[in-house]
Amino acid sequence: MLYFQIVLNIPLNQTFTYSYKPENEDEELTPESFIGKRAEITFGNRKTQGFIVKASTQIPEDCPVDSTKIKLIKRIIDKESLFGKELTDLAAWMSHYYLCSFGEAVFTMVPSGRRETGLGGFAFEDDFSVEKHNILSDEQQKAVDSIYEMTKKSSEEKEQNRKASLTNNHYIYGPTGTGKTEVFLSLAEKILSDGKGVIYLVPEIGLTAQVVKDATKRFGKTAAILHSGLTPSQRLGEWNRIMHKEARIVIGARSAVFAPVPELGLIIIDEEHDNSYKSGNSPRYNARQIAMHRCNNLKIPLVMGSATPSVEAWYSMQQNKIITHKLTKRLAGGTMPKISTIDLKYFPNDCCISPPLQKEISECIKNKRQTILFLNRRGFTHFFRCNSCGFEIVCKNCSVPLTYHKSEHRLRCHYCGWSTLPPQSCPECSSMDIGSTGFGTEFIEAEVKAKFPQAKIIRADTDAFKNKEEFLKVLDDFRDGKYDIMLGTQMVAKGLNFPKLQLVGVILADAGLHMPDFRASERTFSLITQVAGRAGRYFPDGKVVVQTYEPSRKAILYACNGKVEEFYENELKERELLDFPPFSRLLRFVFRSYNKEAAFRTSIDAANIISQKKLKGIEIIGPAECPIEKMNSSWRFQILLKSKSISVLQEAARHLLFDYSHNPNVYIEYDCDPVSLL
């Protein structure tokens, strides 16, 4: 008889003991051989499955029931273990860091397919392709050689480096079109030639189709592509290919960071700044943090890259905690596009296509070139501003824009909850021309069609298509020149190459600045820079037209003038002044319930409990309603904790999580290092 300790996908941080009696009495029982396999069990009155994390021939000492009450498992599901010690240790670390149960961490990592299947996401005929590779520039070759040399160092040298605080984290930094992807692929090729495996993370498979295409041409069936279109069983099939070394390079979005690659030698994170690397569901992990943890434990390099690094990454680069490898030259024959700004204050309020932008689009169509009109849709929230001087009303406590609530006719801060009535005139210039501003996407689409009736127009956003395949087909059609104008949201800002694209128009650049989030400037700068990078990649006459009410705002000014270092320097000064990341750490609680009063009352009680704990160095911000106050019929309130130390914040959260009985009708979300506060 064997006794298994099994974890379930539930928010209880404990294991459950079950017994196992083999059908074949002659079967050799090796407890260790069962760890990492799934077992079908009865939990309460329902049939479910869990992962075996410990096995022994004796009843565990901490088992709360006697041997007669221990249930037998129904069956062992897997022939082979789905994870080993490295991923077990990683799950334990995730449970501690992200305030989730060990079971939730394990189920997040491992596919839940019912059966193994030979059908993976993509299957390829050749081990390695004879596809002709691009010749690396001097800058690219230097970056590849420098990083690769570090992988060849002995274990003793690596340990000495770690003790001397010499990092093995690298950043490939350069403008869009400077060949970061080729550096990643060339480096991966070297690592694979040494018999080691590679994980290559991208923000979203559907939006980085060119990366997948390049990688699969180069690596053939040695590549495993993990994406959201796979069924659980197909994903399990790929998981087994990876474990058996049939696939040696794993390309995928966020969850691919958990791939069980034997002899892992390198992790790559493309477009490191992208928010999609952060999970929106429990456990709310960040793939960048997971990758850093795995690489540090395995003493292997982590290589990140972006044209617009996150502010935290930029700060680490300046502090020499990440080694920077800079690329400066566009390699496809194009040059950086000419960027011009249009001040919308000089045009009617309902004008979303200004006459100068209209003229540029007409010229583009005439020359049989293409246009992308970028809509920062998340920013189309009403914000309050003066149309005469551009003055914007911000919170007296948090220095973030106030959001106008039409239903109650108040301006409210979604950080601390402070609110005020909208002024009758501008506090800055006394103008009466004040109010809320914002465009709607349908209005913009209608105006474009009215002004360019002969043009072939397509809108590319998540609402316009039924599925990813439909979206990818439209991207291919646009690349082939079947459309003249594409209206796109943030999707079109990510890594897409269109040879015939000449003009990019940003409809309202400053819309994102009015989101109630201290990262609003960073996101605005990144989006303008990324979407501008789509133009002029293959020829020297690319143009970008940026429409804005506030051309002097630093995020817009710096993005339009290519002043990257100046932007980060200014942003870091502001973050330091306000004591926001990277100069502090944050932990967010969200209290949600169908009962608004219950959610609000629980948030107040939680703030009081944390305050009474009197932990050193913690600032409590809130409670306040979330910027999106009601979601899926649930009312939402939030508390932000701020400290120099993440461990102090986690201690406060555990106190709330384990020592506090709250209203059962209120659900509490825990988010370490949140990237969005909506």
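Residues numbered from 1 in each chain as written. Predicted model: local features only at pLDDT ≥ 70, side-chain atom pairs only at ≥ 80, totals over all residues. Heavy atoms only, no water.

Let's talk about the overall build of the protein
Argument step 1. Each helix and strand counted, the protein has 17 helices and 27 strands in total.
Argument step 2. The contacts in the protein between residues at least 6 apart in sequence include a share of 76% that link residues at least 24 apart.
Argument step 3. If you sum the accessible surface of the protein, you get close to 30500 Å²; carbon and sulfur atoms cover 48% of it. (Helix = DSSP H or I, 4+ residues; strand = E, 2+ residues; numbered from the N terminus. Contact = heavy atoms within 4.5 Å. Areas by Shrake-Rupley, 256 points an atom, 1.4 Å probe, with all protein chains shown as cover.)

Some points on the sheet that holds strand β20 (residues 457-460)
Argument step 1. Taken together, six strands build an open sheet; the order of strands is β13-β23-β22-β14-β21-β20 and the sheet is parallel. Two strands in the sheet have a free side with no partner beyond their single neighbour: β13 (338-343) and β20. Neighbour to neighbour, the strand axes of the sheet diverge by 20 degrees on average, direction disregarded.
Argument step 2. Looking at chain direction, β13 and strand β23 (residues 543-548) are connected through six bridges and run parallel. When the bridges of β23 are listed, Ile-342 appears paired with Gln-547. (Pairing = 2+ DSSP bridges. Axes fitted to C-alpha atoms, helices over the stretch in contact; angles between N-to-C directions.)

Examining the pairing of strand β24 (residues 585-593)
Argument step 1. Taking burial as the measure, the nine residues of β24 include seven buried ones, the bulk of the element.
Argument step 2. Bridge count for β24 against strand β27 (residues 667-672) is six bridges, and the pairing is antiparallel. The partner of Phe-589 across the bridge, within β27, is Tyr-670. (Buried < 20%, exposed > 50% of the residue type's maximum accessible area, 1.4 Å probe, protein only.)

Here we look at the confidence of the model for the protein
Argument step 1. Confidence in the prediction of the protein, expressed as mean pLDDT, is 84, and 85% of residues score 70 or more.
Argument step 2. This stretch, residues 116-130, has a pLDDT under 50; its non-local contacts, to residues over four places away or in other chains, come to 36 contacts. (pLDDT = per-residue confidence, 0-100.)

Some points on the sheet that holds β24
Strand pairing in a sheet relies on backbone hydrogen bonds. The paired strands run either parallel or antiparallel.
Argument step 1. Taken in spatial order, the four strands line up as β25-β26-β24-β27 in an open sheet, and their pairing is antiparallel. The open sheet has two free edges, formed respectively by β25 (619-631) and β27, since each of these has just one partner strand. The average undirected angle you get between the axes of adjacent strands in this sheet is 20 degrees.
Argument step 2. Of the strands in this sheet, β24, β26 (634-643) and β27 are in contact with helix α17 (residues 646-659), which crosses β24 at around 20 degrees.

Overview of the packing of aromatic side chains
Argument step 1. Following the criterion strictly, the structure yields 21 aromatic pairs and no others.
Argument step 2. Seen in terms of ring centroids, Phe-4 and Phe-34 are 5.1 Å apart; in terms of plane orientation they differ by 45 degrees. Their pairing is tilted. Residue Phe-4 is located in strand β1 (residues 2-7), and its partner Phe-34 is located in the loop between β2 (16-20) and β3 (38-43); the two are separated by 30 residues in the primary sequence. As far as burial versus exposure is concerned, Phe-4 and Phe-34 are alike and both buried.
Argument step 3. Ring plane angle 75 degrees and centroid distance 5.9 Å describe the contact between Phe-525 and Tyr-568, whose orientation is recorded as edge-to-face. (Phe/Tyr/Trp six-rings, centres within 6.5 Å; stacked < 30°, edge-to-face > 60°.)

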